[in-house]
Each structure stands twice: as C-alpha cells, then as structure tokens.
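Examining the three-dimensional arrangement
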Amino acid sequence: MVVRNPMIEKPNKDGKPPAIEYQEEEILDTVYGAVVRQCYSMYKLFNGTFGRAMEAGGVELLIQKLEKFFYRYLQTLHLQSCDLLDVFGGISFFPLDKMTYLKIQSFVNRVEESLSLIKYTAFLYNDQLIWSGLEQDDMRILYKYLTTSLFPRHSEPELAGRDSPLRPEVTGNLLHYGRFLTGPTNLKDPEAKFRFPKIFVSAEEGYEELHLIVYKAMSAAACFMISATVELTREFCEQLDSLVGPQLTLLASDICEQFTINRRISGPEKEPQFKFIYFNHMNLAEKSTIHMRKTASVCLTSVHPDLMKILGDINCDFARFDEDEEIIVKAMTDYWVVGKKSDQRELYVILNQKNANLILVNEEVKRLCATQFNNIFFLD
C-alpha cells in the first residue's frame, strides 16, 4: 500500500516557488500496516490463500480473483478514519448475565444437535459477539466482515409494519421474526436460490471451505457454518428456519429485557466521563468510549485527531517491549493522555482537566480502573 505523506507549502520571500515540507510523523505505519494485513485476511476469508488460486489456475486466475475482490473491497476502506482500533482489530463483546449466557449456549448446542450438518456457530447481539465456535483469528476477521459490511446492508427497521416481509409469522403460538441475511431472501418464493457465500477458515490440514449462513431475528444474529462439500437444499433451509426462527426470536427478546434491566440499574446513559480504549490481547476483547458509529462504514471519534495520534505513538512504544509499563503524556490545552500495559491488556485514557498534575491524573485513572475494570491494572 502506498500512502502520500501530508505536506505544507511554506512561502518563499524572494518570489521563488514555495518550499514543500512533508510531515512524515503524521502517518502511523502501524495503523496502515494493520490495514494491509486486514485486507489480506479479508481476501483469504472469501477466497483462500494466494497459493490456492495459483494451484487452481495459475497467475491468471489469481489476478482475476484479486481484481474482483479488491475492486469492491478498496471502496469500503475509509483510510482517513483508520486509527488505533485498526491496529488491535478487536471484537466487541456483549455483556451478559450468567443465566442468559447459558440459554444461548444451550440454544447453540440444541441447534447443532438437531442439524448435525452445522460445523461451527457464532452468536451476536447488537453487533457484539456473545458466543463463537471458530478459532480466534477466523472469528476476528468474520466479525469485521459482519459488522462493517453485511449487517449495515440489512439494517432496516427491526419490527416493521403490516405489509413488510418482516411481519412475524406465528408458528403454533411462537412468534417468529427470523430471516436469512445470506442465501434466500424469501423462502416462500418458488424461484428462491439456495446459494450461500463460501468462507475459508483454518483447520488442521491448512484450511477448510464452509458455507456461511447468517440468520437474524430482531437484534440477534446466528452464523451457522457448514462444510462446502455439502449441497444446501430448500428442505434444509426450511428446517433451519422453522427450528431457529422462533427460538432466536425468543432469545432476542430475553437478551433485550436483560439489557434494559441492567441499564436501569446502572443509571441513564450520559456522555462517558472517561474517554478510553481498552484491548485485551488474550481474547481480543475491545471497548472504546471514544468511537461512535455514525454510519456503517465511518466510525467517528469524539476526540481531536492529534490525541488519536498520541494514542498510536504510545501503542508503538508499548509494542517495542514485553514488560508492563505506563506512559503519561501532557498534551495540548489541559489534555492528558495515559497509556497502561499490563498482563497482555492495554488501556488508553484521555482526560481533560484544568490545572491537573501527575498525581491527580494518576488518581483519576485509578478510579476508572476501579469502576470499569475491577482493578486489573494495578501495578503499584
């Protein structure tokens, strides 16, 4: 990938052409390096390795595949809004109480037992992951695809009006809001096509090819992966629809209820007092109160780009050493940026306090760790 350094033109006094000064510090290699790796992972998710295309049809086939994939994919990259979150490539997990989590686990087990073709399952709610049977690295890139590409394309009003195809079907006495996001748009259509996107995930023998079925009811989505050697039929899809639809609808309203109760207990949503990004290298969990999703593809940050760049710089420093450490930076106009790295976890906090000093800043960050992270960052 080639990106141009930003430049400033400095006027010359003697009528000579202006001098151009390139700002080489402005662009963070780690961020764009991560984007390149992400591009390759996304290609590999849908096409397998470059080597696979070479074996199947030589350079010509590889060129065709690359062209077909990247022509579309590059248009979805918003390079100007890439930042530290791209370096982490983490997964946002949905916070759940134990009982609801067990319900979801038992749902996954029941479905995998009834439909034995299903090899792996992943369960998401509100674009956040709850359960996954895939390897971490495969789930990480599949999660990226689902949340930045597939879900946004289908985000219509969840409970639509009477004439909508989303009207719940009542099966027995169970409500059923389920529908396929990949494959057939309408099961009742006699012309319906039962073709699903294929993905490649790592297996003991290199990789395996799978059908990706994404099925959604209200805010809950279940991904079912089935070996690509199996042909998927109308019967199978109808069976999956009648089994999963009512159960997923019920689970979605359970989770929603639980979520509402928890929010009531924790008080109204106000502008977060602490702006922070947290990332855990062990389970890829990430949490940010700095980013707000405005549209499918563009993630807006609520802080100045210069502050985001300091976060990136601190992250580069952390990457150089294995030890746990802490960095505190006094930034422009009353801003302080704190980076902590401890036991495979990283936390970046941005504080804006008038007349603060190191001791006060340290106290504030301690308070944040105590309330948000059960004190996992205490290195005193």
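Coordinates for the structure precede this section.
Residues numbered from 1 in each chain as written. Predicted model: local features only at pLDDT ≥ 70, side-chain atom pairs only at ≥ 80, totals over all residues. Heavy atoms only, no water.

A closer look at the sheet that holds strand β12 (residues 286-288)
So the rule is basically this: Strands pair, by our definition, only if DSSP identifies at least two bridges between them. Numbering of helices and strands runs from the N terminus; a helix is a DSSP stretch of H or I covering at least four residues, while a strand is a stretch of E covering at least two. To obtain an axis, a line is fitted to C-alpha atoms, over the contacting stretch when the element is a helix, and the angle between two such axes runs from 0 to 180 degrees between their N-to-C directions. In what follows, residue pairs with any heavy atoms lying within 4.5 Å of each other are defined as contacts.
In space, the five strands of this open sheet follow the order β12-β11-β17-β16-β15, with antiparallel pairing throughout. The outermost strands of the open sheet, each flanked by one partner alone, are β12 and β15 (325-330). Here the strands of the sheet are splayed against their neighbours by 5 degrees on average, with no regard to which way each runs. Sitting on the sheet, helix α7 (residues 305-320) is in contact with β11 (275-280), β15, β16 (335-342) and β17 (345-352), with an inclination near 30 degrees to β16.

Some points on the pairing of β15
It is a general feature of regular strands that their side chains alternate between the two faces of the sheet. As judged from the six bridges shared by β15 and β16, these two strands associate in the antiparallel manner. In the sheet register, I328 faces β16, and the bridge partner there is V338. Hairpin remark: β15 followed by β16, antiparallel, with four residues in the connecting loop; positive phi at T333, about 25 degrees.

Points about the packing of aromatic side chains
Convention followed: We call Phe, Tyr and Trp rings a pair once their centres come within 6.5 Å, taking the six-membered ring for Trp, and we label the pair stacked below 30 degrees between planes, edge-to-face above 60, and tilted otherwise. Type-normalised accessible area, obtained with a 1.4 Å probe on protein chains alone, sets the label of each residue: buried when under 20%, exposed when over 50%, and partly exposed for intermediate values.
Scanning the entire structure with this criterion turns up 16 aromatic pairs. With 6.3 Å between their ring centres and 5 degrees between their planes, Y43 and F70 make a pair best called stacked. Pair noted here: Y43 is in helix α1 (residues 29-47) and F70 is in helix α2 (residues 50-73), with a separation of 27 residues, a long-range link. Y43 sits in the buried class, given a relative accessible area of 0%.

Here we look at the pattern of salt bridges
A side chain with one charge may pair with a side chain of the opposite charge, provided their charged atoms come close. Worth spelling out the cut-off: Salt bridge, as used here, is a side-chain nitrogen of Lys or Arg placed within 4 Å of a carboxyl oxygen of Asp or Glu.
Taken as a whole, this structure holds 11 salt bridges when the rule is applied. When the shortest N-O distance is used, the salt bridge between D137 and R140 registers 3.4 Å. With D137 and R140 both in helix α5 (residues 136-153) and three residues apart, the pair spans about one turn of that helix. In this structure D137 comes out as exposed when scored by relative accessible area, which is 53%. Taking the relative accessible area as the measure of exposure, R140 reaches 26% and is therefore partly exposed. The residue R320 makes a salt bridge to D317 at a minimum N-O spacing of 2.6 Å. Pair noted here: R320 and D317 are both in helix α7, with a separation of three residues, about one helical turn.

Overview of the environment of E112
On the secondary structure map, E112 appears in helix α4 (residues 98-114). Residues in contact with E112, not counting those within four places in the same chain, are I118, K119, Y120 and T121.

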